Protein chains: 2
Amino acid sequence: MKKSVAISIGDLNGIGIQLALENHNAVAERVKPLYCIDTTMLQQVAQKLHLPIPKSFDVIENIAPHFEIRPKHIDAHSGLYAYQSFLKAVELAKAQKVDAICTLPIHKKAWELAGVKYKGHTDALRDIFQQEAIMMLGCPQMYVALFTEHIPLRDVADKITVEKLTLFLVDFYRTTKPQKPIAVLGLNPHAGDDGVLGNEERIITKAITKATQILAQKYFDVTFFVPYPLVPDVAFTPKVRSHYSHFVAMYHDQGLAPLKALYFEEAINVSLNLPIVRTSVDHGTAFDIAYSGTKPNAKSYLNAIAYIKGDV
Amino acid sequence: MKKSVAISIGDLNGIGIQLALENHNAVAERVKPLYCIDTTMLQQVAQKLHLPIPKSFDVIENIAPHFEIRPKHIDAHSGLYAYQSFLKAVELAKAQKVDAICTLPIHKKAWELAGVKYKGHTDALRDIFQQEAIMMLGCPQMYVALFTEHIPLRDVADKITVEKLTLFLVDFYRTTKPQKPIAVLGLNPHAGDDGVLGNEERIITKAITKATQILAQKYFDVTFFVPYPLVPDVAFTPKVRSHYSHFVAMYHDQGLAPLKALYFEEAINVSLNLPIVRTSVDHGTAFDIAYSGTKPNAKSYLNAIAYIKGDV
């Protein structure tokens, strides 16, 4: 049976709803989508976009106060609507009325204007579930999980402890179980060159060993990780990356710069280690092309749906 | 007239000499190569490789003591030979007997075994010329200069000062003069998000402004730099990178991970800001395929030559 997916509609002044309308048939072939948007708002948007509303476009009503769409605008009403649409999707997943949620892009500034206390979806999910969500980005060719996320680069090295990284690695394996060993990146140039260019690789190696020991108690005959940290600037070369599907980056740009250089349009964002499954497009509201007649690239959206379906 | 190039022959137990022999005709079409290798050693190698010595393969004799080639081996004799071949090339360039030098890959451990006090070519060039060489890597599609190189990641942030970065940027523009503005990367995720994720972007912005003021006294009507630091994980996406040819990375992996993910085989290494022009392949001795009948990929070598010719 098809999985059911609550789709939070994102910032209605941006491209999210256009993606939903234009790709409904492709999405409905893969999963059973339920869109968190009121019919009245949907009609307003469809008219502005000159797009038909597909027949089987199932919606949930009573999301939030209706408002006048202002294409390309950062707007408190639109921010609030996007937030409530997201909360509705989460609620449906918590109550197991859907199998997963997929989030369309919000505008962070609009959330702020609407008085939402979170910076984004992942932030909100951590607070709602009081759990250490793992942020993973990527596409079928390559997924990257971030051990540290939105912190200054100068603070990264001190965050790497055996205890925390071990826990992260165990959770990451447990929630993804890739076929190929997970590749954990070093922190320093040349992965420290035997300690000459930094010592954090020793901590990383210990964490890999410990995580392997913990996982080996539950899963048998699995090579969970490459046993040593990979050299960061070599890990993503064509030959090396062909050996792995899942990477762990020590910091934000270490993983995301190569990922976006290679697969910018296809990438999705997955929240792991939560009671619910959540995927998302990995792009923004694209106000520059919203309501302009341009057809937004749907690769990321369709990959986010495919991930839920379990294809990738 | 064709430029003359002294080619240091690299570690003879690796693939460098095979590259030189197999690509001599292509190289000689572009420049006038002069190989820093004795005829006796050349004959020994050619025999082991079952390759003919091209007719116009001009060499410089009396490089260093002859030795028995041991394919794929880290060897002090071979290390010393590679070092002396490099010194000879530098000497020729210093004496203006050649226009530039191109270095084939050495093995760092072999240099160490031979008692060479330098870790690599760039290191040696800095000491020989007592000048702050700038290390730039890349290919015609994209060059990346490294503001910091082989230091632990935790030390990077403190190295970024207005004074040092200004000087670096001025030197980098002066020695490359790209057609498009130079893109300087931020240090932190999202380039600091207005200071929320780090403050170094303020220093970087100041340095860009200062460097622009200094350069504007000498060069007119030029947009030297993008006036603000770019978001590191967005800078190398296809659309953004299409606007620039030269990037400045704050640290080793920030520039090299995306570069190698995209253009691993084509990349070259250029030493800028020195009295001589030096380019190099950006790969190692590849002992795994040396003397095995495999034909090494020559893209990097030919790009290193093309850079000297001025094609790219």
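Residues numbered from 1 in each chain as written. Chains lettered and ligands numbered in written order. Predicted model: local features only at pLDDT ≥ 70, side-chain atom pairs only at ≥ 80, totals over all residues. Heavy atoms only, no water.

**With respect to the overall build of chain A**
Right, so step 1: Of the regular secondary structure elements, chain A holds 12 helices and nine strands.
Right, so step 2: Taking 20 Å as the expected radius of gyration for a compact globule of 312 residues, we find that chain A reaches 20 Å, a close match to that expectation.
Right, so step 3: Overall, the C-alpha framework of chain A stretches about 60 × 40 × 35 Å when taken along its three principal axes.
Right, so step 4: The buried share of chain A, reckoned over its 312 residues, is 58%.
Right, so step 5: A separation threshold of at least 6 residues defines the contact pool for chain A, and within that pool the share at least 24 residues apart is 75%.
Right, so step 6: Carbon together with sulfur atoms contributes 52% to the accessible area of chain A, which is approximately 13,300 Å² in total.
Right, so step 7: Charged side chains in chain A number 33 positive and 31 negative. The centres of these two groups are separated by 3 Å. (Helix = DSSP H or I, 4+ residues; strand = E, 2+ residues; numbered from the N terminus. Rg over C-alpha atoms; globule rule 2.2 N^0.38 Å. Buried < 20%, exposed > 50% of the residue type's maximum accessible area, 1.4 Å probe, protein only. Contact = heavy atoms within 4.5 Å. Areas by Shrake-Rupley, 256 points an atom, 1.4 Å probe, with all protein chains shown as cover. Lys, Arg positive; Asp, Glu negative; His and termini not counted. Charge placed at Lys NZ, Arg CZ, Asp CG, Glu CD.)

**Digging into the interface of chain A and chain B**
Right, so step 1: Of the residues lining the interface, 33 residues belong to chain A; the matching set on chain B comes to 33 residues.
Right, so step 2: Both sides of the chain A and chain B interface together cover about 3,000 Å² of buried area, and 60% of this is carbon and sulfur.
Right, so step 3: For the chain A face of the interface with chain B, the top three residues by lost area are Leu 153, Arg 154 and Asp 233 of chain A, together amounting to 22%.
Right, so step 4: At the junction of chain A and chain B, the tally comes to six salt bridges.
Right, so step 5: Of the charged contacts in the structure, one is a salt bridge between Lys 260 of chain A and Asp 233 of chain B, with a shortest N-O distance of 3.0 Å.
Right, so step 6: At the boundary of chain A with chain B, the tally comes to 14 residue pairs in polar contact (both at pLDDT 80 or more). (Buried area = accessible area lost by both parts, 1.4 Å probe. Salt bridge = Lys/Arg side-chain N within 4 Å of Asp/Glu carboxyl O. Polar contact = N/O pair within 3.5 Å; in protein donor to acceptor, adjacent residues only side chain to side chain.)

**What about the confidence of the model for chain A?**
Right, so step 1: Averaged over all residues, the pLDDT of chain A is 96; the fraction at 70 or higher stands at 99%.
Right, so step 2: Note on the complex model: pTM 0.92, ipTM 0.91. (pLDDT = per-residue confidence, 0-100.)

**Here we look at empty space enclosed by the protein**
Right, so step 1: Applying the stated rule across the entire model yields three cavities of 30 Å³ or more.
Right, so step 2: In this structure, the largest cavity encloses a volume near 50 Å³.
Right, so step 3: Of all the secondary-structure elements, those providing two or more residues to the lining of the largest cavity are α11 (252-263) of chain A together with α11 (252-263) of chain B.
Right, so step 4: Residue classes in the lining of the largest cavity are distributed as six nonpolar, two polar and two charged. (1 Å grid on protein atoms, 1.4 Å probe; cavity = no way out; pocket = protein on both sides within 12 Å on 5 of 7 lines; lining within 4 Å. Points joined across faces, edges and corners; volume = space filled by probe spheres on them. Nonpolar A, V, L, I, M, F, W, Y, C, P; charged D, E, K, R; others polar.)

**Topic: the environment of Ala 235 of chain B**
Right, so step 1: Examined against the element boundaries, Ala 235 of chain B turns out to sit in the loop between α9 (200-216) and α10 (238-241).
Right, so step 2: Not counting the four nearest positions on each side in its chain, Ala 235 of chain B is found in contact with Leu 185, Leu 230, Val 240, Arg 241 and Phe 247 of chain B.

**Considerations on the side chain of Asp 253 of chain B**
Right, so step 1: Residue placement: Asp 253 of chain B occurs in helix α11.
Right, so step 2: Buried within the structure, Asp 253 of chain B lacks any salt-bridge partner; Lys 260 of chain B is the closest side chain of opposite charge, at an N-O distance of 7.3 Å.

**Remarks on the sheet that holds strand β4 (residues 134-139) of chain A**
Residues and elements named next belong to chain A.
Right, so step 1: Reading across from one edge, β2-β1-β3-β9-β8-β4-β5-β7-β6 is the order of the nine strands in this open sheet, with mixed pairing throughout. Of all the strands in the sheet, the pair left with one neighbour each is β2 (32-36) and β6 (183-184).
Right, so step 2: As judged from the four bridges shared by strand β8 (residues 268-272) and strand β9 (residues 278-281), these two strands associate in the antiparallel manner. Looking at β9, one finds that Ser 271 is bridged to Arg 278.
Right, so step 3: Contacts from helix α12 (residues 299-309) reach β1 (4-8), β2, β3 (100-103), β4, β5 (142-146), β8 and β9, with the element oriented near 165° to β9. (Pairing = 2+ DSSP bridges. Axes fitted to C-alpha atoms, helices over the stretch in contact; angles between N-to-C directions.)

**Some remarks on helix α8 (residues 162-176) of chain A**
All names here are of chain A.
Right, so step 1: The terminal C-alpha atoms of α8, which comprises 15 residues, lie 21 Å apart, in line with the 21 Å expected from a rise of 1.5 Å per residue.
Right, so step 2: Of all the residues in α8, the buried ones are Leu 165, Thr 166, Phe 168, Leu 169, Val 170, Asp 171, Phe 172, Tyr 173 and Thr 176.
Right, so step 3: Count one or two residues on from α8 and you reach Lys 177, which has phi positive near 40°. (Expected span 1.5 Å × (residues − 1).)

**Some remarks on the packing of helix α4 (residues 76-94) of chain A against helix α6 (residues 121-129) of chain A**
All names here are of chain A.
Right, so step 1: One way to put it is that α4 packs onto α6 with a least axis distance of 12 Å and a crossing angle of 45°. Classified by the angle their axes make, α4 and α6 are oblique. In this structure, α4 meets α6 at a crossing whose hand is right-handed. Judged by residue contacts, Phe 86, Leu 87, Val 90 and Lys 94 of α4 engage His 121, Ala 124, Leu 125, Ile 128 and Phe 129 from α6.
Right, so step 2: Considered class by class, the residues forming the contact of α4 with α6 number seven nonpolar, one polar and one charged. (Parallel < 35°, antiparallel > 145°, perpendicular 65-115°, else oblique. Left-handed = near helix turned anticlockwise from the far one by under 90°.)

**Some details on the packing of aromatic side chains**
Residue and element names in this part refer to chain B.
Right, so step 1: Across all of its chains, the model carries 29 aromatic pairs over all chains by this definition.
Right, so step 2: Ring centres 5.7 Å apart and planes at 70° place the aromatic pair Tyr 143 and Tyr 307 in the edge-to-face group. One end of the pair, Tyr 143, is in strand β5 (residues 142-146); the other, Tyr 307, is in helix α12 (residues 299-309), and 164 residues separate them in sequence. Like Tyr 307, Tyr 143 is buried.
Right, so step 3: Judged by centre distance (6.1 Å) and plane angle (80°), the rings of Tyr 244 and Phe 247 are edge-to-face. Each member of the pair, Tyr 244 together with Phe 247, is buried. (Phe/Tyr/Trp six-rings, centres within 6.5 Å; stacked < 30°, edge-to-face > 60°.)

**Overview of the relation of the copies chain A and chain B**
Right, so step 1: Turning chain A through 180° and shifting it by 0.0 Å along the axis lays it on chain B, with an RMSD of 0.0 Å. When the rotation and shift are considered jointly, the pair of chain copies conforms to a two-fold rotation axis. Rotation axis and chain A: the residue whose C-alpha lies nearest the axis is Pro 258 of chain A, separated from it by 2.3 Å.
Right, so step 2: The share of interface residues of chain A whose copies in chain B are also at the interface is 100%, consistent with both copies meeting through the same surface. (Least-squares fit on C-alpha atoms with pLDDT ≥ 70 in both.)

**Describing the state of the cysteines**
Residue and element names in this part refer to chain B.
Right, so step 1: Enumeration over the complete set of coordinates arrives at zero disulfides over all chains.
Right, so step 2: Between Cys 102, a cysteine without a disulfide, and Cys 36, which holds the nearest cysteine sulfur, the sulfur-to-sulfur distance is 11 Å.
Right, so step 3: Owing to a relative accessible area of 0%, Cys 102 belongs among the buried residues under this scheme.
Right, so step 4: The thiol of Cys 139 is unpaired, and the distance to the nearest cysteine sulfur, on Cys 102, comes to 15 Å. (Disulfide = S-S within 2.5 Å.)

**Here's the deal with the pattern of salt bridges**
Right, so step 1: The full count for this structure, using the stated rule, is 26 salt bridges over all chains.
Right, so step 2: Between Arg 126 of chain A and Glu 149 of chain A there is a salt bridge, with its nearest N and O atoms 2.7 Å apart. Of this pair, Arg 126 of chain A sits in helix α6 while Glu 149 of chain A is found in the loop between β5 and α7 (156-159), placing the two residues 23 residues apart along the sequence.
Right, so step 3: Linking Lys 32 of chain B and Asp 58 of chain B is a salt bridge whose minimum nitrogen-to-oxygen distance equals 3.9 Å. Taken together, the residues span a long stretch of sequence, with Lys 32 of chain B in strand β2 (residues 32-36) and Asp 58 of chain B in the loop between α3 (39-49) and α4 (76-94) at a distance of 26 residues.
Right, so step 4: Classification of Lys 32 of chain B by relative accessible area gives partly exposed; the value is 48%.
Right, so step 5: Look at Asp 58 of chain B and you get partly exposed, because its relative accessible area is 37%.
Right, so step 6: Through salt bridges with shared partners, a single ionic network connects Arg 126, Glu 132 and Glu 149 of chain A.

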